[in-house]
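# Observations on chain architecture
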Amino acid sequence: MTDVDYCVVGAGFAGLTAALRLKQAGRSVVVLEARDRIGGRTFTEVRGGGLWIDRGGAWIGPGQDRIQALMSEFGVPSYKQYTDGAAMMVVDGKQYRYQGTIPMTMSPWAVANLGTVFLELGELCKTIPLDAPWEAKRAAEWDRISLAKWLDDNVLSKPARELLEMAIAGCYTSAASEVSFLFVLYQMASGGGPGFVLGVKDAAQDARPVGGMRAIYEPMAVEVGRSLHLSQPVRVIEQDAEGVTVCTDQSTVRARRAVVTVPLATASQIRYEPMLPVDRSMLHQRMPSGAILKIAVVYDEPFWRADGLSGQSAAPGSAAMVTIDASTDALTPGVLCVIVEGPAARALGRMTATDRRGAVLSELTERFGASAAAPVDYVEQDWTGERYSGGGMLSHAPTGVLTEFGAALRESCGRVHWAGTESSAVMCGWVDGAVRSGERAAREVIAADALVGVDRG
Ligand SMILES: Cc1cc2nc3c(=O)[nH]c(=O)nc-3n(C[C@H](O)[C@H](O)[C@H](O)COP(=O)(O)OP(=O)(O)OC[C@H]3O[C@@H](n4cnc5c(N)ncnc54)[C@H](O)[C@@H]3O)c2cc1C
């Protein structure tokens, strides 16, 4: 049995940050990670020739100050997302090229409708108290309806509605009918509004760390050092008056407190003794993750740039629903990232690997021309098959959950404390939110022990 001050469960950004800050504060820590790798929902793979590919979370944007602080701490530079040239939208088989966030080449009615709805969403977001979205004046009303219902009632132009549904529901990797409208407003507000969440330049996909997310999480793990244990899925967390006992199949850790950072969608895979309070227990049953496939298609060079295209494109429901230039900071090779979310991701996931690749490349060829048919590498990551993520990108709240159970999101249960991006009031769902939650949990456990006079730091 290992005896430490704190046991951190999970070595994604939340867990690594919590452990790092606790170590820096002079406390002893053990981190237990289920997978044989660190990073969780971020996962940078290095391919032949040193090409690095982010198979999970990749982009950062303004306002994401805590991930940027970590990058400064470890000397990781960033580079700007390529956004020159036109983006492309495909509606009913017709391609529209446009600049900026809104496809101005759609009908004037659709464009006007999009603009109005965008502004309205921004205004509604301003009414959400981030620390307690369930206390928003219209929380009960918005938590009774899904995103789909709100879009049905408020977006009259069909193409505008389809585009918004794809873009917004895509953030939750689910059908719009599955997600509470209150949760949508809250998650958008926590990132600073719809412009941040749905935008690229000066928004959520503004930049990337050079070397990928691995360039940040690896040096963090080095600093956490031998306290980090891989391939140790936590099965049981028992708590008593003095501490917690955290058990994997091979090891037992005794600590004063545990910081659990696993996604809400998988948190009930752990057995808690005694059982957690009812609101927390039920929250674990009520915050699922959606489906997302992220595919990196590698070409000798980013040929679309010479054709005046940014690489950004969208075609609701297709096998290449969203694309974005995901090349590194080097000039070659060119990497097109294909993201397919929600029902379309599940449909694609049911195909054989060969058929899926064929469907994706055929879509890309229609959109970007014959050069798209012959990639030099093709890397696919299906997050629905990840036991310890439960899907991606984040666990969301269906209708009724935030108002009934939201207060349990951050509230510790005795000696079990909660982190993970879903528990962050700011940048909820993003890597930055994960970092913030880890820092908050580290402060929380130290403060809780100081309060009862047992902290030996
Ligand atoms: C495809 C995709 C694209 C994304 N794109 C972006 C992006 O561009 N920008 C951005 O900011 N965010 C993005 N995100 C979201 C971002 O990756 C997450 O918000 C963030 O990584 C969550 O970190 P976390 O530490 O909270 O959770 P996780 O990364 O999920 O970490 C939890 C850890 O707990 C471990 N674990 C689970 N169960 C157990 C157990 N029983 N015992 C021990 N360990 C356990 C897991 O293996 C994991 O390592 C994306 C996510 C995905 C999937």
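None of these values were measured; they are calculated from a predicted model. (Residues numbered from 1 in each chain as written. Predicted model: local features only at pLDDT ≥ 70, side-chain atom pairs only at ≥ 80, totals over all residues. Heavy atoms only, no water.)

## Some points on the overall build of the protein chain
On a plain count of helices and strands, the protein chain comes out with 15 helices and 21 strands. For the protein chain, whose C-alpha radius of gyration is 22 Å, the value lies close to the compact-globule estimate of 23 Å for 457 residues. Along the first, second and third principal axes, the C-alpha atoms of the protein chain reach 65 × 55 × 40 Å. Across the 457 residues that make up the protein chain, the buried fraction comes to 59%. Taking contacts inside the protein chain between residues at least 6 apart in sequence as the whole, the part at least 24 apart equals 72%. Carbon and sulfur atoms provide 52% of the accessible area of the protein chain, an area that totals close to 17,900 Å². For the protein chain, the distance from the average site of its 44 positive side-chain charges to the average site of its 52 negative ones is 2 Å. (Helix = DSSP H or I, 4+ residues; strand = E, 2+ residues; numbered from the N terminus. Rg over C-alpha atoms; globule rule 2.2 N^0.38 Å. Buried < 20%, exposed > 50% of the residue type's maximum accessible area, 1.4 Å probe, protein only. Contact = heavy atoms within 4.5 Å. Areas by Shrake-Rupley, 256 points an atom, 1.4 Å probe, with all protein chains shown as cover. Lys, Arg positive; Asp, Glu negative; His and termini not counted. Charge placed at Lys NZ, Arg CZ, Asp CG, Glu CD.)

## Focus: the sheet that holds strand S18 (residues 334-341)
Pairing is mixed in the open sheet, where seven strands are placed in the order S7-S6-S16-S17-S18-S15-S19. Across the chains shown, the open sheet's two edge strands, defined by having one partner strand only, are strand S7 (94-98) and strand S19 (377-382). On average, each strand axis in the sheet is inclined to that of its neighbour by 20°, with strand direction left out of account. Examined bridge by bridge, strand S6 (residues 86-91) and strand S16 (residues 309-314) share three bridges and lie parallel to one another. Paired with alanine 86 across the bridge in S16 is leucine 309. Along the sheet, helix H6 (residues 158-171) makes contact with S6, S16, strand S17 (322-325) and S18, crossing S6 at roughly 110°. Running at roughly 60° to strand S15 (residues 292-299), helix H13 (residues 353-368) makes contact with S6, S7, S15, S16, S17, S18 and S19 of the sheet. (Pairing = 2+ DSSP bridges. Axes fitted to C-alpha atoms, helices over the stretch in contact; angles between N-to-C directions.)

## Points about the domain arrangement of the protein chain
You can read the domains of the protein chain as domain 1 (2-41 + 213-276 + 413-452), domain 2 (81-101 + 290-388) and domain 3 (103-198). Look at where the C-alpha atoms of domain 2 and domain 3 centre, and you get two points 24 Å apart. Taking both sides of the interface into account, the surface hidden between domain 2 and domain 3 amounts to around 1,200 Å²; carbon and sulfur atoms contribute 71%. Linking domain 2 with domain 3 are zero salt bridges, by the criterion used here. (Domains from an automatic or database assignment. Buried area = accessible area lost by both parts, 1.4 Å probe. Salt bridge = Lys/Arg side-chain N within 4 Å of Asp/Glu carboxyl O.)

## Topic: the site of the ligand
Taken together, 36 residues form the shell around the ligand, and within it Glu33, Arg35, Arg41, Val234 and Thr421 come nearest. Between alanine 14 and the ligand, the recorded distance is 2.9 Å, taken from a backbone N or O atom to an oxygen atom. Measuring from an oxygen atom of the ligand, one finds a side-chain N or O atom of glutamate 33 at 2.6 Å. For the shell around the ligand, the class distribution of residues is 20 nonpolar, 12 polar and four charged. Both domains that meet at the shell around the ligand, namely domain 1 (2-41 + 213-276 + 413-452) and domain 2 (81-101 + 290-388), each give it at least three residues. (Near = heavy atom within 4 Å. Polar contact = N/O pair within 3.5 Å; in protein donor to acceptor, adjacent residues only side chain to side chain. Nonpolar A, V, L, I, M, F, W, Y, C, P; charged D, E, K, R; others polar.)

## Quick look at the state of the cysteines
Evaluation of the coordinates by the stated rule reveals zero disulfides. Free cysteine: cysteine 7, not disulfide-bonded; nearest cysteine sulfur from cysteine 247 at 9.7 Å. The closest cysteine sulfur to the non-disulfide-bonded cysteine 125 is located on cysteine 171, 11 Å from its own sulfur. (Disulfide = S-S within 2.5 Å.)

## Examining unusual backbone geometry
For the bond running from glutamate 273 to proline 274, omega is -5°, close enough to zero to count as cis. Relative to the helices and strands, proline 274 resides in the loop between strand S13 (271-273) and helix H10 (278-286). The omega torsion of the bond from threonine 332 to proline 333 falls at -5°, within 30 degrees of zero and hence cis. Take proline 333: it is sitting in the loop between S17 and S18. Of note in the backbone geometry, aspartate 202 takes a positive phi value of approximately 55° without being a glycine. By the element assignment, aspartate 202 lies in the loop between helix H8 (194-198) and strand S8 (207-209). Since its relative accessible area comes to 54%, aspartate 202 is described here as exposed.

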